[in-house]
Amino acid sequence: MNLIDVHCHLTHEYFKDKLDAVLKRAEKAGLKALIVSGVNPEVNREVLALAKKHPKLIKASLGIYPIDALGIQPEGAGMAHHKGPINLEEEFKFIEKNEDAVHCIGEVGMDFHWAEKEKTYAQQAENFRKIIRFAIKIRKPLVIHSRKAEEECLQILEEEIKNKEIPVIQHCFSGRKSLMSKGVELGHYFSIPPCIVKSSNFQTLVKKVPLTQLLTETDSPWLSPYKEGMNEPAFVVESIKQIALVKELSQEEVAEQIWKNYQRIFGKN
Ligand SMILES: [Zn+2]
């Protein structure tokens, strides 16, 4: 089986002394691509360096996490920290300069879990619109983070992407059923983490979304499917197993279609 992890954080300090072993286990499990996600300028540079070091397996996704963009991400999240609000234009320039090495733009979006909606909606929405327009300009897929902001993100994506100019991947989507349907109608992809084994919400999501619009991710080191320990790309196998159960297909059939979806989105880059 050809497997993919479209969203993980291998620059997290948890992987520091175990990356080689983690990559070996991923390859052994059948992983053909790991898209490592950035969240701010500092992490984006680490992501690019990592992709350069492991060009076969690791792909770079450069992002501007909504909370980092506002400059309110607390230190100690396990990844390189950015002090103060992010200068979007400057980061766009950096991404454009490295365009050939950039697989997609993410994670980006809005978050009303860590930031109060009343106080930050206007700024978050403005940042998000600018990022979407930039992604369209350089023709890169978007990977969306929409914690407690699913409806707001969908609305802005619908307004900004009128003709399916770029693919949209909803990462760890936790919106209600009507919002799942809206995302499907808009042609968005939904990437399913291994913690689906214990999440009825993700099981419902898999039921609602056609297999042609599903992908797999881990968000590792977070969202482990197991009671103990941290998450890693090899565990994407758990997402495949669970999707196969829900869709009543074999794991091979599921993996094959998800591989096709991946290729449709990313072509040869
Ligand atoms: Zn993430």
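One can find the structure itself at the top, above this paragraph.
Residues numbered from 1 in each chain as written. Predicted model: local features only at pLDDT ≥ 70, side-chain atom pairs only at ≥ 80, totals over all residues. Heavy atoms only, no water.

Draft legend 1. Seen up close, helix α6 (residues 150–160). Inspection of α6 places Glu-150, Glu-152, Cys-153, Leu-154, Ile-156, Leu-157 and Glu-160 among the buried residues, and these make up the whole buried set. Buried residues belonging to α6 abut β4 (102–109), α5 (117–138), β5 (142–145), β6 (168–171) and α7 (177–185). (Buried < 20%, exposed > 50% of the residue type's maximum accessible area, 1.4 Å probe, protein only. Helix = DSSP H or I, 4+ residues; strand = E, 2+ residues; numbered from the N terminus. Contact = heavy atoms within 4.5 Å.)

Draft legend 2. Up close: the pattern of salt bridges. If you walk through the whole model with that rule in mind, you get 14 salt bridges. Of the charged contacts in the structure, one is a salt bridge between Glu-91 and Arg-45, with a shortest N-O distance of 3.2 Å. Here Glu-91, found in helix α4 (residues 88–97), pairs with Arg-45, found in helix α2 (residues 41–53); they are 46 residues apart in sequence, far enough to count as distant. The partner of Glu-160 in a salt bridge is Arg-129, and the shortest N-O contact between them spans 2.9 Å. Taken as a pair, Glu-160 in helix α6 and Arg-129 in helix α5 lie far apart in primary sequence, 31 residues in all. Among the residues examined, Glu-160 registers a relative accessible area of 13% and is labelled buried. Look at Arg-129 and you get partly exposed, because its relative accessible area is 22%. Salt bridges sharing partners connect three or more residues here, namely Arg-129, Arg-133, Glu-159 and Glu-160. (Salt bridge = Lys/Arg side-chain N within 4 Å of Asp/Glu carboxyl O.)

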